[in-house]
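Here are the chains, one letter per residue:
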Amino acid sequence: MRKKIVAGNWKMNKTLQEGVELAKTVNRQVEDTDVVVILCTPFIHLAEVSKAITKDSLFLGAQNCASETSGAFTGEVSVDMIKSTGAEYVIIGHSERRSYYHEDDALLNKKTKLALAAGLTPIFCCGEVLAERQSGKHMQVVKSQIENGLFDLSAEDFGKVVLAYEPVWAIGTGVNATADQAQEMHKAIRDLVSEKYGTRVAENTSILYGGSCKPSNAKELFSNPDVDGGLIGGASLSAADFMGIVSAF
Ligand code: PEP
């Protein structure tokens, strides 16, 4: 059975001390249920936040990784470095990386493979911008991001990836996709995975929704059959909001 997951993406927020405090609060409040809760912190927080995590259902993740394994790449952080902090997940292909840092499908494919080789679980993001949805191209855009980013993986490796559908127009805007829009896309993604890797892999793949998810809309979004949880930006910066979303399951 696929996992239910709520992952917080702190982005470039919180000092180290603030981040550790937030992690401690979440750690205190998280219950050992079947919901996997993940904190994706800035790189410099990882090692300290790792020490604050004591609950079995709480995990640590990074928000990005280098596309090389080691060497003269000033300012970069490798998958092995991430893994060595105790992190088990890494977000790959967030729309902010795709747009501000021009990360393309080929680069994201490389990062995904490095993450898998290091034993990290990639949380691979996809999603269309507003103009693409308005012109009816959203399905095609997401399909091509997934095909180009992931479909040369073996079934075994693909089975280790978590997908996150994040319509760019919903990220940080306060305007979330409706439950129907989310379900329609998630079902299309699962069908795509099923065509490529078969029903068993597709049924076991967790597909998260991201984009202005909050305690007030999480229940409706997560109650869709193909929505397996959320990737949470703004609302993950407050323990109360984040835990409100976790408890929507
Ligand atoms: C995100 O950036 O992954 C995200 C979903 O942000 P927000 O929840 O703030 O829309």
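This text goes with the structure placed above it.
Residues numbered from 1 in each chain as written. Predicted model: local features only at pLDDT ≥ 70, side-chain atom pairs only at ≥ 80, totals over all residues. Heavy atoms only, no water.

A. Fine view of the environment of Ala-177. In this fold, Ala-177 is placed in the loop between β6 (162-165) and α9 (179-197). On the basis of relative accessible area, Ala-177 is assigned to the buried category, the value being 1%. If we skip the residues at most four places from it in the chain, Ala-177 touches Pro-167, Trp-169, Ala-170, Ala-182, Tyr-209 and Leu-221. (Helix = DSSP H or I, 4+ residues; strand = E, 2+ residues; numbered from the N terminus. Buried < 20%, exposed > 50% of the residue type's maximum accessible area, 1.4 Å probe, protein only. Contact = heavy atoms within 4.5 Å.)

B. View of the site of the ligand. Lining the immediate surroundings of the ligand are 14 residues, of which Lys-11, His-94, Glu-166, Gly-172 and Ser-212 lie closest. Within the side chain of Lys-11, an N or O atom sits 2.5 Å from an oxygen atom of the ligand. His-94 places a side-chain nitrogen or oxygen 2.7 Å from an oxygen atom of the ligand. Protein chains bury 96% of the 290 Å² of accessible surface belonging to the ligand in isolation. Along the lines of polarity and charge, the residues of the shell around the ligand split into four nonpolar, eight polar and two charged. (Near = heavy atom within 4 Å. Polar contact = N/O pair within 3.5 Å; in protein donor to acceptor, adjacent residues only side chain to side chain. Areas by Shrake-Rupley, 256 points an atom, 1.4 Å probe, with all protein chains shown as cover. Nonpolar A, V, L, I, M, F, W, Y, C, P; charged D, E, K, R; others polar.)

C. Highlighting the pairing of strand β5 (residues 121-126). Counting buried positions along β5 yields six of six residues, so the element is predominantly enclosed. Relative to β5, strand β4 (residues 89-92) is paired through four bridges, and the arrangement is parallel. Among the inter-strand pairings, Ile-92 is bridged to a residue of β5, identified as Phe-124. Here β5 runs beside β6; their pairing, made up of four bridges, is parallel. Residue Ile-123 lies in a different strand from β6, and its bridge partner there is Val-162. (Pairing = 2+ DSSP bridges.)

D. Spatial organisation of the packing of aromatic side chains. Using the criterion set out here, one finds six aromatic pairs in the structure. Taken together, the ring pairs in this structure connect Phe-151, Phe-158 and Tyr-197 into an aromatic cluster. A cation over a ring is seen here: Arg-97 above Tyr-101, with NZ or CZ 4.1 Å from the ring centre. Positioned over the ring face of Tyr-197 is Lys-196, at 5.8 Å from the centre of the ring. (Phe/Tyr/Trp six-rings, centres within 6.5 Å; stacked < 30°, edge-to-face > 60°. Lys NZ or Arg CZ within 6 Å of the ring centre and 35° of its normal.)

E. The sheet that holds strand β1 (residues 4-9), seen in detail. Reading around the barrel, the eight strands line up as β1-β2-β3-β4-β5-β6-β7-β8 and close back on themselves, with parallel pairing between neighbours. Averaged over neighbouring strand pairs, the angle between their axes works out to 30° when direction is ignored. Here strand β3 (residues 58-62) runs beside β4; their pairing, made up of two bridges, is parallel. Paired with Gly-61 across the two strands is Tyr-89, which belongs to β4. On the sheet, helix α7 (residues 138-150) packs against β5 and β6 and is oriented at approximately 150° with respect to β5. In the packing of α9 onto the sheet, the strands contacted are β5, β6 and β7 (207-210), and the crossing angle to β7 comes to about 150°. (Axes fitted to C-alpha atoms, helices over the stretch in contact; angles between N-to-C directions.)

F. Broad picture of the packing of helix α11 (residues 215-222) against helix α12 (residues 239-246). Running from N to C, α11 and α12 cross one another at 20°; their axes reach a closest spacing of 8 Å. Between α11 and α12, the interaxial angle falls into the category roughly parallel. You can see that α11 and α12 cross each other, and the crossing is right-handed. Packed against α11, whose contacting residues are Pro-215, Ala-218 and Phe-222, the element α12 presents Asp-241, Gly-244 and Ile-245 at the interface. Partitioned by chemical class, the residues of the contact of α11 with α12 number four nonpolar, one polar and one charged. (Parallel < 35°, antiparallel > 145°, perpendicular 65-115°, else oblique. Left-handed = near helix turned anticlockwise from the far one by under 90°.)

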